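Listed below, chain by chain, are the residues.
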Amino acid sequence: MSSSDIEQAEASVRAELGALRDSIDNIDAAVVHMLAERFKCTQRVGRLKADHDLPPADPARESRQIERLRGLAKDAKLDPAFAEKLLNFIIAEVIRHHEQIADGVPPGGRANAPGAH
Ligand SMILES: O=C(O)C(=O)C[C@]1(C(=O)O)C=C[C@@H](O)C=C1
């Protein structure tokens, strides 16, 4: 469906689509804000782990998180496999951050590293 298809649709359909998209935009904003808060916590976890020579990843903790999230997803009628993929995607990024902290990479990237622009 292109934008012009939408322009041709009935006014009531356009109004309903607009209202639904407003809600989607609000939800997307909430997701971004919640993720930002989560990453603030995980940055502190990364610092703590680096300071105490703890490994970036904790697979046992991840298994518990996945089981818990799959259960929550089922209750919420969300595909548990999707919830698991999403959590794994987020955790992979967190582990990358933890590794950077342990390697002494400054927040925002390797600004002073050779080859950086
Ligand atoms: O709880 C930790 O130890 C974390 O580092 C946080 C976190 C997560 O993002 O939830 C990330 C990596 C670990 O493997 C497990 C969990």
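Residues numbered from 1 in each chain as written. Predicted model: local features only at pLDDT ≥ 70, side-chain atom pairs only at ≥ 80, totals over all residues. Heavy atoms only, no water.

Notes on the overall build of the protein
In terms of regular secondary structure, the protein is built from 4 helices and 0 strands. Going from N to C terminus, the protein has its helices and strands arranged as α-α-α-α. A compact globule built from 117 residues would reach a C-alpha radius of gyration of about 13 Å, whereas the protein, at 20 Å, exceeds it by more than 25%. Expressed as lengths along the three principal axes of its C-alpha atoms, the size of the protein is roughly 60 × 45 × 20 Å. (Helix = DSSP H or I, 4+ residues; strand = E, 2+ residues; numbered from the N terminus. Rg over C-alpha atoms; globule rule 2.2 N^0.38 Å.)

Quick word on the site of the ligand
By nearness alone, 14 residues border the ligand, and Lys49, Asp58, Glu62, Gln65 and His98 come closest of all. Within the side chain of arginine 38, one N or O atom sits 2.8 Å away from an oxygen atom of the ligand. Taking lysine 49, its side chain carries an N or O atom lying 2.7 Å from an oxygen atom of the ligand. Among the secondary structure elements, those contributing two or more residues to the shell around the ligand are helix H2 (11-51), helix H3 (59-75) and helix H4 (80-102). Of the residues contributing to the shell around the ligand, the split by class is 6 nonpolar, 3 polar and 5 charged. (Near = heavy atom within 4 Å. Polar contact = N/O pair within 3.5 Å; in protein donor to acceptor, adjacent residues only side chain to side chain. Nonpolar A, V, L, I, M, F, W, Y, C, P; charged D, E, K, R; others polar.)

Side note on the environment of arginine 14
Along the chain, arginine 14 falls in helix H2. When the C-alpha atoms of arginine 14 and aspartate 53 are compared, they prove to be 56 Å apart, with 39 residues separating the residues in sequence. Setting aside anything within four residues of it in sequence, one finds arginine 14 in contact with Ile6, Glu7 and Ala9. (Contact = heavy atoms within 4.5 Å.)

Some details on the side chain of histidine 97
With respect to the element layout, histidine 97 can be found in helix H4. For histidine 97, a relative accessible area of 18% translates into the label buried. Here glutamine 43 takes part through its side chain, which lies 3.1 Å from a polar atom of the side chain of histidine 97. Filtering out sequence-adjacent residues up to four positions away, histidine 97 remains in contact with Phe39 and Gln43. (Buried < 20%, exposed > 50% of the residue type's maximum accessible area, 1.4 Å probe, protein only.)

Notes on a nonpolar patch on the surface
A cluster of nonpolar residues, Leu78, Phe82, Leu86 and Phe89, forms a patch on the protein surface that exposes about 430 Å² of accessible area. Note that leucine 86 resides in helix H4. (Patch = residues over 30% accessible without salt bridge, like charges linked within 9 Å, V, L, I, M, F, W, Y side chains within 5 Å. Areas by Shrake-Rupley, 256 points an atom, 1.4 Å probe, with all protein chains shown as cover. Salt bridge = Lys/Arg side-chain N within 4 Å of Asp/Glu carboxyl O.)

Focus: the side chain of lysine 49
Here lysine 49 is to be found in helix H2. The charged side chain of lysine 49 is buried without a salt bridge, its nearest counter-charge being aspartate 58 at 5.5 Å. In contact with lysine 49, not counting residues within four places along its chain, are Leu54, Pro55, Pro56, Ala57, Asp58 and His98. (Lys, Arg positive; Asp, Glu negative; His and termini not counted.)

Notes on the pattern of salt bridges
Counted according to the given criterion, the structure contains 4 salt bridges. Its salt-bridge partner being glutamate 37, residue lysine 40 comes within 2.9 Å of it at the nearest N-O pair. Within this pair, lysine 40 and its partner glutamate 37 are both found in helix H2, separated by 3 residues, close to a single helical turn. By relative accessible area, which is 52% here, lysine 40 ends up exposed. Accessibility expressed as a relative area gives 44% for glutamate 37, which makes it partly exposed.

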